[in-house]
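Architecture at a glance
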Amino acid sequence: MSKHSSPVLIVGSVAFDSVKTPLGEVDNVLGGAAVYSATAATFFSPVQLVGVVGEDFPPEHFDFLRSRGVDLEGLQIQPGQTFRWKGYYDFDVNQAHSLETHLNVFERFRPTLPDAYRDAKYVFLANIDPELQLEVLAQVRDPHLTLCDTMNFWIERKRDALLEVLRRVDIAFMNDAEVRELCGTFSLIKAARQVMSYGPRTVIIKKGEHGAVMFTADSHFSAPSYPLEAVKDPTGAGDTFEGGFIGYLAHTEQVTEANMRKAVIYGSVLASFTVEDFSLDRMRRLTMAEIQERYREFRRIAFFEAA
Ligand code: AMP
């Protein structure tokens, strides 16, 4: 990580996850959209985290985030329990089945940005209540690039607030099922155009193990997926992808089409590691050398000769 990189401001869930997949099961492990994306972003840039945990959040999780270069001044500790999510995956690793979502301390959370965070240039509104995403956006003075993500839970419960978020961000991320649900169409092209008509100039659709597609008004970039033999736990793949994407852009400070394509690949590389183990366990031991090597493999996978 370069000392000169711009910090990335991230708001989103900080969670205890309980997850079952065909390859195993874990209970109350560290998770949450903000945690996955912050950890991924720190491979390139420092992170300022906005969120809330309960008094049950153990010191080792704070220590882990601090050790990664995550500033925790914006992470509130409130009386009560940390956000909890419970879900499972069958053999279709693209489809998370939510069993339980307990907002807990997120229900009464009001984000207040420390003054230093208000100058953030790179802002990622990770998955959480869109009303909270809006409150964070309102407190940032002059952002250079704003991104958002969401999920079916919020599409179904807070659609108007979500549309307001979309009006205000530069780039929207969604997975294929979510964008179809939001736009009421099977066609990803139509759905991407519809989302762009709400506000964002770029829409990035995550297709799980089938890669990702980046749409702008006049371009379309298709990132390959990495052929993994075993996906142990797909949880957090999307958040990791987005954290890697914005971390790389904040580090290079170049929001050009060519650089965004590189950022999509770095995001895909990081996500391909996250799913190799439960929780953040693979990212805890991941090195920059492994990231660069897999980046080169992505290039080889996607290469083809001219006609
Ligand atoms: P994904 O990258 O889509 O696999 O995101 C997985 C993470 O989303 C998990 O670590 C969960 O804690 C978190 N999550 C699940 N449901 C919600 C929700 N309704 N709002 C915010 N975060 C959630």
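Let me begin by describing the structure that accompanies this report. (Residues numbered from 1 in each chain as written. Predicted model: local features only at pLDDT ≥ 70, side-chain atom pairs only at ≥ 80, totals over all residues. Heavy atoms only, no water.)

Considerations on the layout of surface pockets
Defined as follows: Both cavities and pockets are sets of points on a 1 Å grid over the protein atoms alone; in a cavity a 1.4 Å probe fits but cannot get out, in a pocket the set is open with protein on both sides within 12 Å along at least five of seven lines, and lining residues sit with an atom within 4 Å of a point. Grid points are joined across faces, edges and corners, and a volume is the space filled by probe spheres set on the points. Helix and strand labels come from DSSP, where a helix needs a run of H or I of at least four residues and a strand needs a run of E of at least two; each type is numbered from the N terminus. The residue classification treats Ala, Val, Leu, Ile, Met, Phe, Trp, Tyr, Cys and Pro as nonpolar and Asp, Glu, Lys and Arg as charged. All others, Gly included, are polar.
Here the second largest pocket defines a volume of roughly 330 Å³. Surrounding the second largest pocket, Phe221, Ser222, Pro224, Arg261, Lys262, Ile265, Tyr295, Phe298, Arg299, Ala302, Phe303 and Phe304 form its lining. Elements supplying a minimum of two residues to the lining of the second largest pocket: β14 (220–223), α9 (257–274) and α11 (288–302). Classifying every residue of the lining of the second largest pocket by side-chain character gives 8 nonpolar, 1 polar and 3 charged.

Here's the deal with the site of the ligand
Heads up, the rule is: Near residues are defined by distance, with any heavy atom within 4 Å of the molecule or strand qualifying the residue. Side-chain atoms alone can form a polar contact between residues adjacent in sequence; in general such a contact is a pair of N or O atoms within 3.5 Å, and within protein one must be able to donate a hydrogen while the other accepts it. Here the Shrake-Rupley method, with its probe set to 1.4 Å, supplies the accessible areas, and only the displayed protein chains count as covering residues.
Near the ligand there are 19 residues, and of these Ser13, Asp17, Gly32, Gly236 and Asp239 occur at the shortest range. Between a nitrogen atom of the ligand and a side-chain N or O atom of Asn127, the distance comes to 3.3 Å. Trp154 is positioned with one of its side-chain polar atoms (N or O) 3.1 Å from a nitrogen atom of the ligand. Here the ligand, which alone exposes 510 Å², has 90% of that area covered by the protein. With 3 residues, helix α8 (residues 237–252) is the single largest residue contributor to the shell around the ligand. Looking at the shell around the ligand, its residues break down into 9 nonpolar, 8 polar and 2 charged.

Description of the side chain of Arg294
The cut-off we apply is this: Note on contacts: a residue pair is in contact if any heavy atoms of the two residues lie within 4.5 Å.
Counting through the fold element by element, Arg294 comes out in helix α11. Once residues lying within four places of it in the same chain are set aside, the contact partners of Arg294 are Tyr226, Leu228, Val269, Ser272, Phe273 and Glu276.

Brief notes about the pattern of salt bridges
Stated formally: A pairing counts as a salt bridge when a side-chain nitrogen of Lys or Arg comes within 4 Å of a carboxyl oxygen of Asp or Glu. Remark: exposure states derive from per-residue accessible area (1.4 Å probe, protein chains only) relative to the maximum for the residue type, with buried under 20%, exposed over 50%, and partly exposed in between.
With the rule as written, the count across this model stands at 21 salt bridges. The salt bridge partner of Asp277 is Arg285, with a shortest N-O separation of 3.2 Å. When its relative accessible area of 47% is taken as the criterion, Arg285 is described as partly exposed. Among the charged side chains, a network of salt bridges with common partners joins Glu276, Arg282, Glu290 and Arg294.

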